[in-house]
Amino acid sequence: MGRDEGAGRKARKARSEAQGSRRKAKGGNTTESPLRHAPSPLRPRPLRHAPFASRLEEPEEIARRLLKLALALGDVEQAEAYVSRNRMTMTRLETLRRGQRVAGPAAQQVSTFMNMEACVRVVVKGAVGTAATVHLDSASLGRVASDARSIARAMPPDPNFWSLAGPSGRRPARLAPDRAILEGGAFEALVDGSAEAAGLCPSGVDLAGSVIAISEVFGVCNSLGIDTGRCEDTRAVAQLTAERVEGGEVLSSGMGWSASRSLSGLDAAAAARQALELGLLRPRLRTVPEGDYDVLLGPYSVADMLDHMLVPQLGMAQIYTGTSWLPAERAATGNGVTLRRPLLGTTVAAPSVSLREEPHLPGAMGSRTFDDEGVPTAPRPLIDEGIWRGVFSNSYYAHLYGLEPPGNGFRFGPRPGRMASAPLSNSPTNLVLRPGDLSFEELVERCRCDALYIPRTWYTYPTRYGASGFSSSNRSTAFLIRKGELVPVAPNAFKLRGDMARVLREARGIGREASTATTWSASFCSIVPHVLSAGLRVEKPSE
Amino acid sequence: MLRIDGSFLDRMMESALAKGVTFADVRAESCLSEGAYAENGDIKSLFRGAGSCIGVRALAGGTWGFASSDISTGRELRSTAAQCLERAVSSARAASRCPPVELAPVRPVRADIPYTRRTGATTEDLQELCTRLTGLMKGVPGVVMATSSVALTEAVRHFSSTEGSNIREEVFHVGGWLFSSASAGGGAGASASQSVYRPWGARGGWEFVRELGPEETAVDVARTASELASKAVAPETRVTTVVTRPCYNSLLVHEIVGHPCEADRVLGGESAWAGRSWWTEKVGKRVGSRLVNAVSDARPILKHRGCYGTYPYDDEGVPSGRVVHIEDGVLREFLNGRQSAALLGVRPNGGMRSISAGLLPLVRMSNTYFEPDPEGPRSLEEMIEDVRDGVLLGHQSIPSIDSRRYRWQINAYDGWEIRKGELSRRLKNLALIGNTREYFGSIFRVGGPATFRLYPIPNCGKGDPMQIQRVTNGGPLMAGKAKVVGVG
């Protein structure tokens, strides 16, 4: 979450210290790692990358022009224009080894990705045609509008389509983006943050990961009165992994992260320290016995399970197609259509579990004012004291099911940020699991018999579509909890099989301190505490 | 489609050299795409898109810099390209230097590779195919939901480097996903139903649709969902003889051969993302029985026609080739790029691809598969004739693998019990749990060439930002020993 301005002074001090370290390394022997990077003579002064200069208008202006072009075509009942412009700057820290370490930890690669594109949806006789383009000159915009109309004309009406999104009664929140990220000034902070993180890494430990800043600028307007104007969202994320490797074997592994809406909230060094906590710890066990366990899940593991085993299931597209394991029934709607309806109001978790969507948290990386249909986002309960209360939905499914669109229609695609050419999904913003009142030690004390503490799960996927069963692994060093003692276990020591429905129902303890965690390439974050539950089985432990 | 002049890219590379880079390359592309999505016989969406982008990599001061951008108009191409170059060079210089990146040498290549499309496709063609496929699936008794997506993309891709390479290639892709959900006895809950997803597709144009026969695949998807919902049973958990069909082996080879054979993983370069490889430092060592052979082969030969991983040059301009990963059970070679090849002290073998010129190339599988045994059984019947008790695994579904690619669970939609050399009860929702050393060591029979099949895998995820790449995987029938579990 948000940090105060002291973080900026800290970053500048760290840069100064890093420069001092480099001067020291140049001077000869040090007690620091011999693999610290040599000073680079090719960086004479601080850089400032200007935004990509362009003669193009701003996204919201292009969107308005595109909408006019679409509506001018005739026989268009409704139309929507969406234009996005994203920039991602990234430093990639790597440690490479061939037997021994041969490079790093160091920023091996610094990248900037910029994309800008437009999408138009046109409704003709109840059919929706969609066309997108990166070519934003007038002629191309005219063509894409015409394409969308000809596509719509080629289709029969969609009986499930009611309308594009209309203006909501909700007042949009005001969320300030990070101006430095927006204006292309994140570069130095990322490079310096990476250098500071790398500088913390002692010899014998591999540190790797990415430090990223993303800006999303977009505008969406439609013929029903939606016009978001210019929308700006930013986020900064550091995800780092520290591992000790000997003879090709990973002996220990830890992960750290920092995720925020702004650079002032980004702390790559803190992420490195968090990763090193477990990365430096020597495991005492290479295996745990096969069997059923209580499991204490760390915040990242909770976020991982939410990301893969609950978020998709809360999406209306999965409920509609019958691939969500959450309870649903086939029922007729008011206009005679039979749909699978989510059984909201059903108990799906223990009373201690309350999960909310919070899109307006000032410093959180997933905070967004509008979705990509121009619907204002809104804080709301998803699971309230164990009772299922909410779903993720874009306007298509919301209208179909008679719901007020909650603002989850996002266009996340194969390139960073929001993509005009990506289909509308049903995606969350920030997820917040309400903390409990138990300290970590109290959670450990609550474990029955032997239990596992898993700070980081990996490859958590359902075992089949539509089921709550999943399979996973411990990617980082884990712990066997035996009579209150935490005994470190090697990373990748065991495969886990679990049941998400059971994990939620049998949650027996929720920690009192939440932290922000985000999974690989995710566009949202989870602010979650530790969770103690049951329903996990260790299969075929390591030799 | 925006036309990009290859000579302009050459001039760009000359100006890169003038900026003092050690090396630079540029990729640029223009593409058109059309897509359709249908549900239960009704078309739900049609989409058309156009894109152009450019991406520049530069080595300066010993480190990589990269910058990419969409190209909004033809007039913007020069300024956009110049900005990308400037940014890539300054980014490289700002990064650390520990020690300088080196690239394995390659000969520069100048090539123009057109694609001769024999059959065009209209929006109506896509719509018709999509709705027909869902209609076929929905017509199978028990199926309550059937969806289909179809997409056709055409792209012109350019590559140029400061070493003098310049390659232009026209690339087409066609394909989509098929989904059926069936319910037994009118059960409405997800747990009472069975869902099956399956991709189809080719690196090629619309002319491949007839060859691929998605109609047959669609009916099979629907029948599988229906039979699993109504007739199949869950397997018992046991260690037993397992025979795996080529479809299952496509996911097996993908997860536990292809990925751990990516050189960037081997060197630790993906440790924070995709993970590492337990095969690090095991080249020349035995990793399986003598019957286990696996390759990645991107060569445009007849066997690979239409496969996703077939290409003449990778995205560094390196000629594609046949890379032997496992030979008679011994680990031999990894897929690499020029940087990883230099670190490993081997020749580069054309393993670098990106899904877009706007993203960085990564080491990716191509057509990665188990090779058949020339003397192996010619059919499933021959394969199982002396198996007294075992399980046959069928269509692959979802994997779960540890970060070293050693310990895994790979699920299958369907399977069969094998009793006294014959198939008996139909099984559903089963998985093998194992580790690669034990499983590959247990392989005691590999099918012959007649049992060999290749399958499109359009959704291989890697990289940050994430890139979902198309690859092809497969193999023959194989038999070994492993633990089978039911996955509900």
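Residues numbered from 1 in each chain as written. Chains lettered and ligands numbered in written order. Predicted model: local features only at pLDDT ≥ 70, side-chain atom pairs only at ≥ 80, totals over all residues. Heavy atoms only, no water.

Asker: So what's going on with the interface of chain B and chain A? Which residues, and what values?
Answerer: The interface is formed by 107 residues belonging to chain B together with 116 residues belonging to chain A. Carbon and sulfur atoms supply 50% of the area buried between chain B and chain A, which totals about 9,300 Å² over both sides. Among the residues of chain B in contact with chain A, Arg87, Trp273 and Arg407 of chain B are the three that bury the most area, contributing 8% of the side total. For the interface between chain B and chain A, the tally reads nine salt bridges. For the salt bridge of Lys483 of chain B with Glu290 of chain A, the shortest nitrogen-to-oxygen distance reads 2.8 Å. Taken together, chain B and chain A are joined by 48 residue pairs in polar contact (both at pLDDT 80 or more). Top element by residues in the side of chain B that touches chain A is strand β2 (residues 42-60) of chain B. It accounts for twelve residues. Split into classes, the residues belonging to the side of chain B that touches chain A amount to 42 nonpolar, 41 polar and 24 charged. Of the strand pairs in this sheet, strand β3 (residues 127-133) of chain A and β2 of chain B are connected by five bridges, and their pairing is parallel. (Contact = heavy atoms within 4.5 Å. Buried area = accessible area lost by both parts, 1.4 Å probe. Salt bridge = Lys/Arg side-chain N within 4 Å of Asp/Glu carboxyl O. Polar contact = N/O pair within 3.5 Å; in protein donor to acceptor, adjacent residues only side chain to side chain. Helix = DSSP H or I, 4+ residues; strand = E, 2+ residues; numbered from the N terminus. Nonpolar A, V, L, I, M, F, W, Y, C, P; charged D, E, K, R; others polar. Pairing = 2+ DSSP bridges.)

Asker: Break down the sheet that holds strand β9 (residues 294-297) of chain B for me, citing the residues and quoting the values.
Answerer: For sheets, the rule is that strands pair by backbone hydrogen bonds, running either parallel or antiparallel. All names here are of chain B. Pairing is mixed in the open sheet, where six strands are placed in the order β11-β10-β9-β14-β21-β20. Where the open sheet ends on each side, the last strands, each with one partner, are β11 (330-331) and β20 (453-462). When strand β10 (residues 322-327) meets β11, the two strands line up antiparallel, connected through two bridges. Each bridged residue has a counterpart across the sheet, and for Ile326 the counterpart in β11 is Leu331. Against the sheet, helix α6 (residues 246-258) engages β9, β10, β14 (367-370), β20 and β21 (467-475), with an angle of about 120° to β21. (Axes fitted to C-alpha atoms, helices over the stretch in contact; angles between N-to-C directions.)

Asker: I'd like a rundown of helix α6 (residues 268-279) of chain A, residues and numbers included.
Answerer: Residues and elements named next belong to chain A. In this model α6 runs 16 Å from its N-terminal to its C-terminal C-alpha over twelve residues, within 8% of the 16 Å that 1.5 Å per residue would give. Turning to α6, its buried residues number three or more, namely Ala268, Ala269, Ala271, Ala272, Ala275, Leu276, Leu278 and Gly279. Residues of α6 that are buried sit in contact with α5 (187-199), β4 (205-222), β5 (231-246), β6 (249-260) and β17 (478-482). (Expected span 1.5 Å × (residues − 1). Buried < 20%, exposed > 50% of the residue type's maximum accessible area, 1.4 Å probe, protein only.)

Asker: Now, about empty space enclosed by the protein: what can you tell me, with residues and values included?
Answerer: This model, assessed by the stated rule, comprises seven cavities of 30 Å³ or more. Taken as a whole, the second largest cavity encloses approximately 420 Å³ of empty space. In terms of lining, the second largest cavity is formed by 26 residues, of which the most central are Glu94 and Gln109 of chain A together with Gln339, Met352 and Pro361 of chain B. Listed by contribution, the elements that provide at least two residues to the lining of the second largest cavity are β1 (78-98) and β2 (100-124) of chain A together with α8 (338-344) and β13 (362-363) of chain B. Among the residues forming the lining of the second largest cavity, the class breakdown is eleven nonpolar, eight polar and seven charged. (1 Å grid on protein atoms, 1.4 Å probe; cavity = no way out; pocket = protein on both sides within 12 Å on 5 of 7 lines; lining within 4 Å. Points joined across faces, edges and corners; volume = space filled by probe spheres on them.)

Asker: Run through the packing of helix α2 (residues 59-71) of chain A against helix α3 (residues 138-154) of chain A, naming residues and quoting values.
Answerer: All names here are of chain A. In contact at an axis separation of 9 Å, α2 and α3 are set at 50° when each is read in the N-to-C sense. If you check the angle between α2 and α3, you find them oblique. As for how α2 packs across α3, the hand of that crossing is right-handed. Taken together, the residues of α3 that come into contact with α2 (itself represented by Ile62, Arg65, Leu66, Leu69 and Ala70) are Ser138, Leu141, Gly142, Val144 and Ala145. Its residues assigned to classes, the contact of α2 with α3 comprises seven nonpolar, two polar and one charged. (Parallel < 35°, antiparallel > 145°, perpendicular 65-115°, else oblique. Left-handed = near helix turned anticlockwise from the far one by under 90°.)

Asker: Give a detailed account of the packing of aromatic side chains, specifying residues and quantitative values.
Answerer: Within this structure, the stated rule accounts for 22 aromatic pairs over all chains. Between Phe23 of chain B and Trp64 of chain B the ring centres are 6.3 Å apart and the planes differ by 80°, which places this aromatic pair in the edge-to-face class. Of this pair, Phe23 of chain B sits in strand β1 (residues 23-39) while Trp64 of chain B sits in strand β3 (residues 63-70), placing them 41 residues apart in sequence. Taken as a pair, Phe23 of chain B and Trp64 of chain B share a single burial class, namely buried. An angle of 40° between the planes, with centres 4.6 Å apart, marks the rings of Phe179 of chain B and Tyr197 of chain B as tilted. Placement of the pair is Phe179 of chain B in strand β6 (residues 166-183) and Tyr197 of chain B in strand β7 (residues 193-202), with a sequence separation of 18 residues. A relative accessible area of 28% means that Tyr197 of chain B is categorised as partly exposed. The ring of Tyr300 of chain A carries Arg456 of chain A above its face, with NZ or CZ at 5.5 Å from the centroid. For the cation-ring pair, Lys303 of chain B lies above Phe452 of chain B, with the distance from its terminal atom to the ring centre recorded as 5.3 Å. (Phe/Tyr/Trp six-rings, centres within 6.5 Å; stacked < 30°, edge-to-face > 60°. Lys NZ or Arg CZ within 6 Å of the ring centre and 35° of its normal.)

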